[in-house]
Amino acid sequence: GAGVSQSPSNKVTEKGKDVELRCDPISGHTALYWYRQSLGQGLEFLIYFQGNSAPDKSGLPSDRFSAERTGGSVSTLTIQRTQQEDSAVYFCASSPLAGGTDTQYFGPGTRLTVL
Amino acid sequence: AQSVTQPDIHITVSEGASLELRCNYSYGATPYLFWYVQSPGQGLQLLLKYFSGDTLVQGIKGFEAEFKRSQSSFNLRKPSVHWSDAAEYFCAVGAEPGGSYIPTFGRGTSLIVHP
């Protein structure tokens, strides 16, 4: 079946511009996570959605970052006024239940480059 | 708070040799433990997971891992490495239901395979 998809696969933007990254999770998965991976680093948690509950935003690095999940499915991560330190690969993952106890299925990532 | 340590940043092995990647965790109760693999330019894929029961867990691609509560470890092993195993490997710890729904990932170990 279809896995997690993300778009775009690559995004190059200029410093100060806003960007939107999209995630389509596996149908029926209630949990959705955003992570980012800077060059040579591990995964950094950003935000977590579980069903219709309020998202856990504890990993967002600044108020320039926001995310929403519409209809319990598609999610969009928005970065306003991008900075060079925002350059990274952004991964989305979904899981049938809660990822702390369940397998996470990762998308291929969006590589963001801020010039 | 839960944490994961992967003490080896890089591991180099010859094709056909055995492999062990180390993972140590810190968690107050029985953890949910995962190993994921990330091939270059790809998202993470689950290799195996441990929730309970037999402490020796078999995964895909010929990998296995052993949970040792006394050592707080969950090391990944493979008896004979193939060149296609060259990738980044991440250990992760989750939580029991009712605990944190945000799994914690280690920094990753990069596996290099020499012909």
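The coordinates are above.
Criteria and thresholds
- Residues numbered from 1 in each chain as written.
- Chains lettered and ligands numbered in written order.
- Predicted model: local features only at pLDDT ≥ 70, side-chain atom pairs only at ≥ 80, totals over all residues.
- Heavy atoms only, no water.
- Pairing = 2+ DSSP bridges.
- Helix = DSSP H or I, 4+ residues; strand = E, 2+ residues; numbered from the N terminus.
- Axes fitted to C-alpha atoms, helices over the stretch in contact; angles between N-to-C directions.
- Contact = heavy atoms within 4.5 Å.
- Buried area = accessible area lost by both parts, 1.4 Å probe.
- Salt bridge = Lys/Arg side-chain N within 4 Å of Asp/Glu carboxyl O.
- Polar contact = N/O pair within 3.5 Å; in protein donor to acceptor, adjacent residues only side chain to side chain.
- Phe/Tyr/Trp six-rings, centres within 6.5 Å; stacked < 30°, edge-to-face > 60°.
- Buried < 20%, exposed > 50% of the residue type's maximum accessible area, 1.4 Å probe, protein only.

Engineer: Would you explain the sheet that holds strand S3 (residues 19–24) of chain A in this entry?
Structural biologist: Sheets are built from strands that pair by backbone hydrogen bonding, the pairs being arranged parallel or antiparallel. Residues and elements named next belong to chain A. The antiparallel open sheet is built from four strands, whose spatial order is S1-S3-S7-S6. If you trace the sheet from one side to the other, it starts and ends with strand S1 (5–7) and strand S6 (65–69), each paired once. In this sheet, neighbouring strand axes are inclined to one another by 15° on average, regardless of whether the strands run parallel or antiparallel. Relative to strand S7 (residues 75–79), S6 runs antiparallel, the two being bridged by five bridges. From the neighbouring strand, serine 66 faces S7, where its bridge partner is threonine 78.

Engineer: Mind showing me how you'd approach the interface of chain B and chain A here?
Structural biologist: Note: interface size is frequently given as the accessible area lost on complex formation between the parts. With 23 residues of chain B at the contact, the number on the chain A side is 21 residues. Around 1,600 Å² of area is buried between chain B and chain A when both sides are counted, 60% of it from carbon and sulfur atoms. On the chain B side of the interface with chain A, the three residues burying the most area are Leu44, Tyr101 and Ile102 of chain B, jointly 33% of the side's total. One can count zero salt bridges joining chain B with chain A. In this assembly, chain B and chain A are joined by four residue pairs in polar contact (both at pLDDT 80 or more). Elements with a minimum of two residues in the side of chain B that touches chain A: strand S5 (33–38) and strand S6 (44–50) of chain B.

Engineer: In this structure, what is going on with the packing of aromatic side chains? I would like to understand it.
Structural biologist: Aromatic ring pairs are described here by two measures, namely the spacing of the ring centres and the angle between the planes. Following the criterion strictly, the structure yields 15 aromatic pairs over all chains and no others. A centroid spacing of 5.7 Å and a plane angle of 80° characterise the contact between phenylalanine 106 of chain A and tyrosine 36 of chain B, whose relative ring orientation is edge-to-face. Here tyrosine 36 of chain B lies in strand S5 and phenylalanine 106 of chain A lies in strand S9 (residues 105–106), a pairing that spans two chains. With respect to class, phenylalanine 106 of chain A is no different from tyrosine 36 of chain B; both count as buried. Ring centres of tyrosine 32 of chain B and phenylalanine 51 of chain B lie 4.2 Å apart, and the angle between their planes is 55°; on these two criteria the pair is classed as tilted. Residue tyrosine 32 of chain B is found in the loop between strand S4 (24–26) and S5, and its partner phenylalanine 51 of chain B is found in the loop between S6 and strand S7 (56–58); the two are separated by 19 residues along the sequence. A residue is classified by how much of its surface remains accessible, and tyrosine 32 of chain B, at 15% relative accessible area, is buried. Note on phenylalanine 51 of chain B: relative accessible area 26%, which makes it partly exposed.

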